[in-house]
Amino acid sequence: MKFSLQKIKREAPYDFEDTVNVDELERMENDIRNITDVNVKGDVSVRSETYTFRYTIKGTMTLPCARTLVDVPYEFSVQAIDQFTTSEYQAQNDEDIHFIDQEVLDLMPYIKENILLEVPLRVYSDEATMDNIVSEGSGWDLLQEDEHLDLKAKHEEEEQEKVDPRLSSLKILMTKKINVNIPINWDYFKGGVTHGSTKEKNF
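Residues numbered from 1 in each chain as written. Predicted model: local features only at pLDDT ≥ 70, side-chain atom pairs only at ≥ 80, totals over all residues. Heavy atoms only, no water.

**Overview of the pattern of salt bridges**
Then, number 1: As enumerated under the stated definition, the model contains three salt bridges in all.
Then, number 2: Between Lys 112 and Glu 24 there is a salt bridge, and its shortest N-O distance comes to 2.4 Å. Of this pair, Lys 112 sits in helix α3 (residues 108-118) while Glu 24 sits in the loop between β2 (14-20) and β3 (34-35), and the two are 88 residues apart along the sequence.
Then, number 3: Classification of Glu 24 by relative accessible area gives partly exposed; the value is 35%.
Then, number 4: Salt-bridge contacts for Arg 33 lead to Asp 71; the nearest nitrogen and oxygen are separated by 2.5 Å. Residue Arg 33 is located in the loop between β2 and β3, and its partner Asp 71 is located in strand β6 (residues 71-85); the two are separated by 38 residues in the primary sequence. (Salt bridge = Lys/Arg side-chain N within 4 Å of Asp/Glu carboxyl O. Helix = DSSP H or I, 4+ residues; strand = E, 2+ residues; numbered from the N terminus. Buried < 20%, exposed > 50% of the residue type's maximum accessible area, 1.4 Å probe, protein only.)

This is how it looks when you write it as structure tokens:
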């Protein structure tokens, strides 16, 4: 969609509507498998050297189901506002305003950008049940809940059985009977004291 700035200035506020092809989006790195022609409808207002486009984009894109990978039609309606200026100074001081240095303005790059921003993170088909979920892929497998719990319990058990190598010597030492020679004055307990009398006591 291309617009003559002079024509917009003469007829502002300027209304526009058209159906455009955006199938180039299918060949980009995104989840869009197919997209219909989209309807673009809006108006342009002019203030000094600034042109403000307010418009709506409506269409349908086809995306993969996050569970089954089957095609899922996704209808969208995007409300967009884009501003342009022929003043380089104004564009440098406001990052939300696009600078244009020619008489004809092409809105298509901004239409496509707004559509890409509307692509959801994931969609689900109505038939997304456990019976038709893709169960495996390259380097991954899908586990049922009970399989996941069993695997988690096994992992926790293995972790508990692991012994820190630094503690292994201490563990062996604590399991052995330790003989300790402690000097004890037995006469003291009999009511008398004899210095130097000792007995060996095993614990």
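Still to come is the rest of the account.
**Section: the packing of aromatic side chains**
Then, number 1: Evaluation of the coordinates by the stated rule reveals seven aromatic pairs.
Then, number 2: Arranged with centres 5.0 Å apart and planes meeting at 70 degrees, the rings of Phe 3 and Phe 16 form a pair that is edge-to-face. Within this pair, whereas Phe 3 is found in strand β1 (residues 2-4), its partner Phe 16 is found in strand β2, the two being separated by 13 residues in sequence. Residue Phe 3 shares its accessibility class with Phe 16, and that shared class is buried.
Then, number 3: When the ring of Phe 16 is compared with that of Tyr 55, the centres are 6.4 Å apart and the planes differ by 50 degrees; the resulting orientation is tilted. In this pair, Phe 16 is assigned in strand β2 and Tyr 55 in strand β5 (residues 50-64), connecting sequence segments 39 residues apart. We note that Phe 16, like Tyr 55, is buried. (Phe/Tyr/Trp six-rings, centres within 6.5 Å; stacked < 30°, edge-to-face > 60°.)

**A look at the nonpolar core**
Then, number 1: Phe 16, Phe 53, Tyr 55, Leu 107 and Ile 115 are the most contacted members of the largest nonpolar core, which has 34 residues in total.
Then, number 2: Only α1 (5-11), β2, β4 (38-47), β5, β6 and α3 provide two or more residues apiece to this core.
Then, number 3: With six residues, β5 is the largest single contributor of residues to this core.
Then, number 4: Among all residues touching Tyr 55, those that are not within four sequence positions of it are Phe 16, Val 40, Lys 41, Gly 42, Val 78, Gln 79, Ala 80, Asp 82, Leu 107, Tyr 110, Ile 111 and Asn 114. (Core = buried A, V, L, I, M, F, W, Y, C linked by side-chain atoms within 4.5 Å. Contact = heavy atoms within 4.5 Å.)

**Points about the pairing of β4**
Then, number 1: Two elements, β2 and β4, share seven bridges in a ladder whose sense is antiparallel. By the bridge assignment, Val 20 is partnered in β4 with Val 38.
Then, number 2: Where β4 meets β5, nine bridges bridge the pair, whose relative direction is antiparallel. Along β5, the bridge assignment pairs Val 44 with Phe 53. (Pairing = 2+ DSSP bridges.)

**Comments concerning the environment of Val 40**
Then, number 1: Its place among the elements puts Val 40 in strand β4.
Then, number 2: Measuring from C-alpha to C-alpha, the distance between Val 40 and Phe 16 comes to 8.0 Å, with 24 residues separating the pair along the chain.
Then, number 3: Those residues in contact with Val 40 that sit more than four places away from it in its chain are Met 1, Phe 16, Glu 17, Asp 18, Val 20, Tyr 55, Thr 56, Ile 57 and Ile 111.

**Things to note about the confidence of the model for the protein chain**
Then, number 1: Put simply, the protein chain has an average pLDDT of 79, and 66% of its residues get 70 or more.
Then, number 2: In this model residues 193-203 is a low-confidence stretch, pLDDT under 50, and it forms 22 contacts with partners more than four residues away in sequence or in other chains. (pLDDT = per-residue confidence, 0-100.)

**Thoughts on unusual backbone geometry**
Then, number 1: Cis geometry marks the peptide bond from Ala 12 to Pro 13; its omega dihedral reads 0 degrees.
Then, number 2: Its location among the elements puts Pro 13 in the loop between α1 and β2.
Then, number 3: Notably, Ser 48 is not glycine yet its phi reads approximately 60 degrees, a positive angle.
Then, number 4: Along the chain, Ser 48 turns up in the loop between β4 and β5.
Then, number 5: Backbone geometry places Leu 69, a non-glycine residue, at a positive phi of 70 degrees.

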